[in-house]
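Residue strings, one per chain:
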Amino acid sequence: MALLLKDSFAAQSALDLTSSWARDLRLKLNVGDDKTAALCGPSGCPSPTPLSVDGVPLPWVTTYRYLGGLLHCAGSVRPMLKDLDLRLTKRTGMFVRWGRASQIAIAILAKLFIIYLEPVALSLLAAVPLNASDLVHIDMLQRKLARMVLGHCKYSPIPSPLLLLGWCSWSAMLPSLRAGLLLHAHSGLPSMLTLLCKFGPQCEGTWYYQACLGVTGSEGIAPIRDHHKLLRASLTRARELDWARLVRVAEAHSNLCHFPVLLANRLGAGSCLAGEFTSPRVPLSTSLLVMRLCSGGQSLRGGDRARVGPPLIRSLCAFCSGFGGQVPEDLQHFLLECPLTDGPRRHLHSSVKQLLLEPWNHRVGKQSHRTQAMAVSAQMWQVRKAWIRQQSK
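Residues numbered from 1 in each chain as written. Predicted model: local features only at pLDDT ≥ 70, side-chain atom pairs only at ≥ 80, totals over all residues. Heavy atoms only, no water.

Chemist: Sorry, what's going on with the nonpolar core here?
Modeler: Taken as a class, soluble globular proteins show a tendency for nonpolar side chains to be buried jointly. Core analysis: the largest hydrophobic core is formed by 77 residues, its most contacted members being Ile106, Leu125 and Trp170. Here the element with the most residues in this core is helix H12 (residues 284-294); it accounts for seven residues. Non-local contacts of Leu125, meaning those with residues more than four positions away in its chain, are made with Leu81, Leu84, Leu130, Ile138, Trp170 and Leu174. (Core = buried A, V, L, I, M, F, W, Y, C linked by side-chain atoms within 4.5 Å. Buried < 20%, exposed > 50% of the residue type's maximum accessible area, 1.4 Å probe, protein only. Helix = DSSP H or I, 4+ residues; strand = E, 2+ residues; numbered from the N terminus. Contact = heavy atoms within 4.5 Å.)

What follows is the structure in structure tokens.
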């Protein structure tokens, strides 16, 4: 329960009424920083007039957790976003460790995340006003969680984790979710939101103003009985637009030359591209490795083959540099050209070599060729890792 009053005297009267109401129900109001407490004003200083419940003084706090969100006395949402980041990172870490131990395919993990973990974030983010920098922050948080699920390095390209998992950017879904909350509130009994209906759209930057942007009509918001259908249609449209944007960004990214952009266009919005890299005959660790190689998430020195600009020293293949070669260690060099990985691929069929750069392509070769291509990729990576470990001794 939250009590919003204009001054300390009104607050004390409301606390007395609440305490009396609780006693009638044989309840007791516990006092504490995380129980019954008073939130300081915008300055962060407590009111000079003390507040109490049943004679017990209330503590004054600058932050308070209410309905899963961390409220700050200055009205800033950054403490709430930081708290949400810590909680989701911890939960996602436990979730990923359970998935790896249980050998659960990435496509299934992606759906389980949407069912069990994503609502924790969206239900809270849709209920608070966010500016442009806050939207960037939550998209960065979502990409970090996607990279954890996939096992990507933290410097992997931005669009590939979301496309692989079939996720939509949180910032793209928030306008529809806010509008859904607003329509739901106006479709029921009168509440504080209905009282703010006349003034909210005029206050730019408030939650009500942002929510109204997603609702059409200038005559106010009348009760809408079928708001669930409207919300589903709006979310579907938002996902389609965001998917098209991510595909365009991936197609233009110089380090995603081998990413399955055509496959993303063919499967459509919300399709989990990670499922195209999996096979019952291939271990999960091998599928994850091949997926990371094709999406720029495996920390190759040169990433994928960039078509512009001369190679940099830090992007050159360390093995070839020892023999005077000046070749960037991109995916094509690692899989098909580097002498270090020549052993595993020496006697491969031409169809298998073609699949090394397109392991998701069902139209090229047989299923046995796809399985062999993924297994050879894992063998070459082990050879590279063993050589680097030997050089570091």
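Chemist: Where do I start with the confidence of the model for the protein chain in this structure?
Modeler: Detailed reading of predicted coordinates is not advised where the pLDDT is low. The predicted model of the protein chain has a mean per-residue pLDDT of 82, with 86% of residues at 70 or higher. Mean pLDDT in the protein chain bottoms out at helix H8 (residues 192-195), which sits at 64, and peaks at helix H2 (residues 78-101), which reaches 94. Segment residues 217-224: pLDDT under 50, and ten contacts once partners within four positions in sequence are set aside and those in other chains are kept. (pLDDT = per-residue confidence, 0-100.)

Chemist: When you look at the pattern of salt bridges in this model, what are you seeing that I'm missing?
Modeler: Two side chains with opposite charge may pair up if their charged atoms get near one another. As enumerated under the stated definition, the model contains ten salt bridges in all. A salt bridge links Arg23 to Asp54, with the nearest nitrogen and oxygen atoms 2.9 Å apart. Of this pair, Arg23 sits in helix H1 (residues 8-24) while Asp54 sits in the loop between strand S2 (52-53) and strand S3 (56-57), and the two are 31 residues apart along the sequence. Residue class for Arg23 comes out partly exposed when judged on its relative accessible area of 49%. Salt-bridge contacts for Lys35 lead to Asp34; the nearest nitrogen and oxygen are separated by 3.5 Å. Relative accessible area serves as the criterion here: at 41%, Lys35 is assigned to the partly exposed category. Owing to a relative accessible area of 61%, Asp34 belongs among the exposed residues under this scheme. (Salt bridge = Lys/Arg side-chain N within 4 Å of Asp/Glu carboxyl O.)

Chemist: Is there a simple way to explain the pairing of strand S5 (residues 63-66) in this structure?
Modeler: Here is the key point about a regular strand: its side chains alternate between the two faces of the sheet. With four bridges joining them, S5 and strand S6 (residues 69-72) adopt antiparallel strand pairing. Across the sheet, Tyr64 pairs through a bridge with Leu71, a residue of S6. Linkage of S5 to S6, two consecutive antiparallel strands, is achieved through a turn of two residues, within which Leu67 is found at a positive phi near 55 degrees. (Pairing = 2+ DSSP bridges.)

Chemist: Would you take a moment to explain the environment of Gly69 for this structure?
Modeler: One can find Gly69 in strand S6. Sequence separation between Gly69 and Ala127 is 58 residues; the distance between their C-alpha atoms is 9.6 Å. For Gly69, the contacting residues outside a window of four places in its chain are Tyr64, Met80 and Leu124.

Chemist: Would you take a moment to explain the side chain of Arg345 for this structure?
Modeler: Inspection of the secondary structure assignment puts Arg345 in helix H15 (residues 342-345). No salt bridge is formed by the buried Arg345, whose closest oppositely charged neighbour, Asp342, lies at an N-O distance of 4.1 Å. In this structure the side chain of Arg345 is engaged in a polar contact, spanning 2.6 Å, whose partner is the side chain of Thr341. Setting aside residues up to four positions removed in sequence, Arg345 forms contacts with Phe334, Leu335, Leu336, Glu337, Cys338, Pro339, Lys353, Val376 and Met380. (Lys, Arg positive; Asp, Glu negative; His and termini not counted. Polar contact = N/O pair within 3.5 Å; in protein donor to acceptor, adjacent residues only side chain to side chain.)

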